[in-house]
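Overview (structure and organization)
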Amino acid sequence: MNIDFSLEPLFSWYVVLLIVSGIAMTGIGAMGNSGLSNGWRIFNGVAGVGFVGYGIYLGFIFEGGTYVIFFKAFILPVVMIINFVRSLSNRNQAAAQPPVQFQQPFPQPEAPQAPVPAQAQAPAQAQPQAPAQPAEAGGANQAG
């Protein structure tokens, strides 16, 4: 085992952080109800497995020589955990809010009415009447 905090503290902490962050990222990727899209879940899982694998290799298989310190190993897990927490809080807020019912900004048009026959549309016109004849006073023609 290559983890010895008294001999190589930087190397030992790097191995521990790789394994811990890899386990955290793999767990986030495995959660189906995390609120993350499938692409982010797959990315979390693949990156997490890579971190754990490299940590195990450095901690237990590596026999000396040179190794690469990925500074992304310190930044990426923090970014992924922040993204995970943000997606959980957004999902919880959406579930806690009642569904929004929008009011229509304009009144709806009235339902079309049945067509009215042409006779009923125009007002009834009065039939022209013959002009009234003045009535003569006193009866028939009287001379007098």
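Located above this text is the structure these notes cover.
Residues numbered from 1 in each chain as written. Predicted model: local features only at pLDDT ≥ 70, side-chain atom pairs only at ≥ 80, totals over all residues. Heavy atoms only, no water.

1. A short note on the nonpolar core
Burial of nonpolar side chains together is a common tendency in soluble globular proteins. Counting residues in each nonpolar core, the largest one holds 12 residues, listed as Phe11, Tyr14, Val15, Leu18, Ile19, Met25, Ala47, Phe51, Leu58, Phe62, Ala73 and Met80. Sorting the residues of this core by element identifies helix 1 (9–30), helix 2 (38–61) and helix 3 (72–96) as the ones contributing at least two each. For this core, the element with the highest residue contribution is helix 1, accounting for 6 residues. Apart from the residues within four sequence positions on either side, Phe11 is in contact with Asn2, Leu58, Phe62 and Tyr67. (Core = buried A, V, L, I, M, F, W, Y, C linked by side-chain atoms within 4.5 Å. Buried < 20%, exposed > 50% of the residue type's maximum accessible area, 1.4 Å probe, protein only. Helix = DSSP H or I, 4+ residues; strand = E, 2+ residues; numbered from the N terminus. Contact = heavy atoms within 4.5 Å.)

2. Let's talk about the environment of Met80
Assignment of secondary structure puts Met80 in helix 3. Note on Met80: relative accessible area 4%, which makes it buried. Residues contacting Met80, with those up to four places away along its chain left out, are Met25, Trp40, Phe43 and Asn44.

3. Focus on the side chain of Ser12
Here Ser12 shows up in helix 1. Engagement of the side chain of Ser12 in a polar contact is seen with the backbone oxygen of Glu8, the distance being 2.9 Å. Beyond its immediate sequence surroundings of up to four residues, Ser12 is in contact with Asn2, Ile3, Asp4 and Phe5. (Polar contact = N/O pair within 3.5 Å; in protein donor to acceptor, adjacent residues only side chain to side chain.)

4. A closer look at the environment of Ser37
Locating Ser37 in the fold gives a position in the loop between helix 1 and helix 2. Residues Ser37 and Ser87 lie 50 residues apart in sequence; the distance between their C-alpha atoms is 9.4 Å.

5. A word on the environment of Val20
Structurally, Val20 can be placed in helix 1. On the basis of relative accessible area, Val20 is assigned to the exposed category, the value being 52%.

6. Things to note about a nonpolar patch on the surface
On the surface, Phe5, Trp13, Leu17, Phe71, Phe74, Ile75 and Val79 cluster together into a nonpolar patch covering about 720 Å² of accessible area. Every element with two or more residues in the nonpolar patch is listed here: helix 1 and helix 3. The element contributing the most residues to the nonpolar patch is helix 3, with 3 residues. Mapped onto the elements, Ile75 comes out in helix 3. For Ile75, a relative accessible area of 54% gives the class exposed. (Patch = residues over 30% accessible without salt bridge, like charges linked within 9 Å, V, L, I, M, F, W, Y side chains within 5 Å. Areas by Shrake-Rupley, 256 points an atom, 1.4 Å probe, with all protein chains shown as cover. Salt bridge = Lys/Arg side-chain N within 4 Å of Asp/Glu carboxyl O.)

7. With respect to the packing of aromatic side chains
Counted by the stated rule, this structure contains 4 aromatic pairs. Seen in terms of ring centroids, Tyr57 and Phe62 are 6.0 Å apart; in terms of plane orientation they differ by 65°. Their pairing is edge-to-face. For Tyr57, a relative accessible area of 37% gives the class partly exposed. A relative accessible area of 10% means that Phe62 is categorised as buried. Taken together, Phe11, Tyr54, Tyr57 and Phe62 form an aromatic cluster joined through their ring pairs. (Phe/Tyr/Trp six-rings, centres within 6.5 Å; stacked < 30°, edge-to-face > 60°.)

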